[in-house]
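Close look at the chain arrangement
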Amino acid sequence: MSNKKRPTINPKASERVHKRRKPLPEVDVLMEGILKGDRVLLSKAITFIESEHPTHQDISRQLIEHCLKARKPSIRVGITGSPGVGKSTFIEALGKHLLEKDNPLAVLAIDPSSQISHGSILGDKTRMQVLAADQRVYIRPSPAGNSLGGVAQKTRETIILCEAAGFENIFVETVGVGQSEIAVHSMVDCFVLLLLPGAGDDLQGIKRGIVEMADLVVVNKADTGRQQLAAESRKAYKNALHLFPPKENNWIPQVLSCSALENTGIAEVWAAVNDFRKHTSANGTFEEHRQTQARFWLYESIHQQLKRQFFEHPNIKTQLAQMEKQVEAGELSPFRAASDLLALIKISAK
Ligand code: GDP
């Protein structure tokens, strides 16, 4: 598209176009749609959540408030693993299993790199074809964003909307690299790590912290003829998991295997998710975990807003560079500089 401005024949025309623009859908229209499970209106509502525009943010705040009140019971399952391990094939197989029982599901994704890689996760329409074509499934690719914190916040709010819309099963997919697992772990009830058979107990370069977070470890690609290899891997992963301290919820992480391609072992994985739900609901840790997560996001959000308002403040913008030089030159202590800068502003809630 050319950057050149088109000649304006009638200077009032653009004004009229602006005035004729469709009015924003009312919050109650959106809410009514969400509560009915209308996927078009749900998508529209999520667009407001994802927007940075102040008017849209105001709408999204109202929507979230209403949706929080309309919460329905749900299970949020995080799914991670290295690229190529079979996450989308696995989600498709698990999703089909749920649909056989007529259980609606939503599939969301967190991929902070999606802006650079132009939406690798779920952006590609060829993935999860069966689920994408089913009316009982809602699929939303990762929101774009500059920071993981921002992307995570939008996904978390999207979960709330999906739950109000009656999607009882929520899958959140993330790529098994970087920090995004921690963000996903802090918004799901059950965290599933997919691994490949035959890679021994070195856990395939997956960071220790991620393995420690897993509630279920699933060895995928345990196809016909490879079961022996998969069984050996299961054993190795089981031994490796024993080395971690017990979880606060007293759940012992399960190690399973499946072939997402051949559709074997999928029902067992879902049964393990249900066992996890039963176990944690019975000892009260299911709800406790959600409360801890809500607290985490409260503080996370405060930190983010404070940081943003600090660095965007005009007084800081003018003073920071100069103080930085003084600190570098050893003329000013970094701590003194920090408190002087903080004294320059009064951070107010927006
Ligand atoms: P993702 O990057 O983790 O989402 O992985 P994909 O689901 O895109 O799968 C990567 C490749 O592995 C694709 O070619 C899949 O067909 C293949 N794949 C996925 N699951 C299995 C499986 O259980 N067995 C075999 N043999 N291949 C699989």
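Here, every reference points to the structure presented above.
About the criteria used
- Residues numbered from 1 in each chain as written.
- Predicted model: local features only at pLDDT ≥ 70, side-chain atom pairs only at ≥ 80, totals over all residues.
- Heavy atoms only, no water.
- 1 Å grid on protein atoms, 1.4 Å probe; cavity = no way out; pocket = protein on both sides within 12 Å on 5 of 7 lines; lining within 4 Å.
- Points joined across faces, edges and corners; volume = space filled by probe spheres on them.
- Helix = DSSP H or I, 4+ residues; strand = E, 2+ residues; numbered from the N terminus.
- Nonpolar A, V, L, I, M, F, W, Y, C, P; charged D, E, K, R; others polar.
- Salt bridge = Lys/Arg side-chain N within 4 Å of Asp/Glu carboxyl O.
- Buried < 20%, exposed > 50% of the residue type's maximum accessible area, 1.4 Å probe, protein only.
- Axes fitted to C-alpha atoms, helices over the stretch in contact; angles between N-to-C directions.
- Parallel < 35°, antiparallel > 145°, perpendicular 65-115°, else oblique.
- Left-handed = near helix turned anticlockwise from the far one by under 90°.
- Contact = heavy atoms within 4.5 Å.
- Phe/Tyr/Trp six-rings, centres within 6.5 Å; stacked < 30°, edge-to-face > 60°.

Some details on the layout of surface pockets
The calculated volume of the second largest pocket comes to roughly 850 Å³. Lining the second largest pocket we find 32 residues, and of these E212, D215, K247, E248 and N249 sit closest to its centre. The set of elements that each furnish at least two residues to the lining of the second largest pocket consists of α10 (208–213), α11 (227–242), α12 (266–282) and α13 (285–312). Broken down by element, the lining of the second largest pocket gets its largest block of residues, 7 residues, from α13. Across the lining of the second largest pocket, the residue classes tally to 14 nonpolar, 11 polar and 7 charged.

Section: the pattern of salt bridges
If you walk through the whole model with that rule in mind, you get 10 salt bridges. In this structure, R290 and D189 form a salt bridge, with 2.8 Å as the shortest nitrogen-oxygen distance. Taken as a pair, R290 in helix α13 and D189 in the loop between α9 (180–185) and β5 (190–195) lie far apart in primary sequence, 101 residues in all. Residues R308 and E312 are paired through a salt bridge, measuring 3.9 Å at the closest nitrogen-oxygen approach. Taken together, the residues span about one helical turn, with R308 and E312 both in helix α13 at a distance of 4 residues. Residue classification places R308 among the partly exposed residues on the basis of a relative accessible area of 38%.

Details of empty space enclosed by the protein
Overall, the coordinates contain 1 cavity of 30 Å³ or more when judged by the stated rule. Its boundaries defined by the atoms lining it, the largest cavity holds a volume of some 30 Å³. Lining the largest cavity, in full, are E50, L108, A109, R140, P141, P143, T155 and T158. For the lining of the largest cavity, the secondary-structure elements that each account for two or more residues are β2 (105–110) and α8 (148–164).

Describing the packing of helix α3 (residues 39–50) against α8
The geometry of α3 relative to α8 is characterised by a closest axis approach of 10 Å and an angle of 155° between their N-to-C directions. Classed by the angle they form, the pair α3 and α8 counts as roughly antiparallel. Considering only the axes of α3 and α8, their crossing is right-handed. Every residue of α8 that contacts α3 at L42, A45, I46, I49 and E50 is listed here: K154, E157, T158, L161 and C162. Its residues assigned to classes, the contact of α3 with α8 comprises 6 nonpolar, 1 polar and 3 charged.

Looking at the packing of aromatic side chains
For the structure shown, the criterion picks out 5 aromatic pairs. Their ring planes at 65° and their centres at 6.1 Å tell us that F171 and W270 sit as a pair that is edge-to-face. Placement of the pair is F171 in strand β4 (residues 169–174) and W270 in helix α12, with a sequence separation of 99 residues. Using a relative accessible area of 0% as the deciding quantity, one classes F171 as buried. With a centroid separation of 5.1 Å and an interplanar angle of 85°, the aromatic rings of F296 and W297 are classed as edge-to-face.

Topic: the packing of helix α2 (residues 27–35) against α3
Across the interface, α2 lies against α3 with an axial gap of 8 Å and an inter-helix angle of 125°. Compared by their axis directions, α2 and α3 come out oblique. Pair α2 / α3 crosses with left-handed handedness. Along the contact surface, α2 presents V29, L30, G33 and I34, while α3 presents L41, L42, K44, A45 and F48. Its residues placed into classes, the contact of α2 with α3 shows 7 nonpolar, 1 polar and 1 charged.

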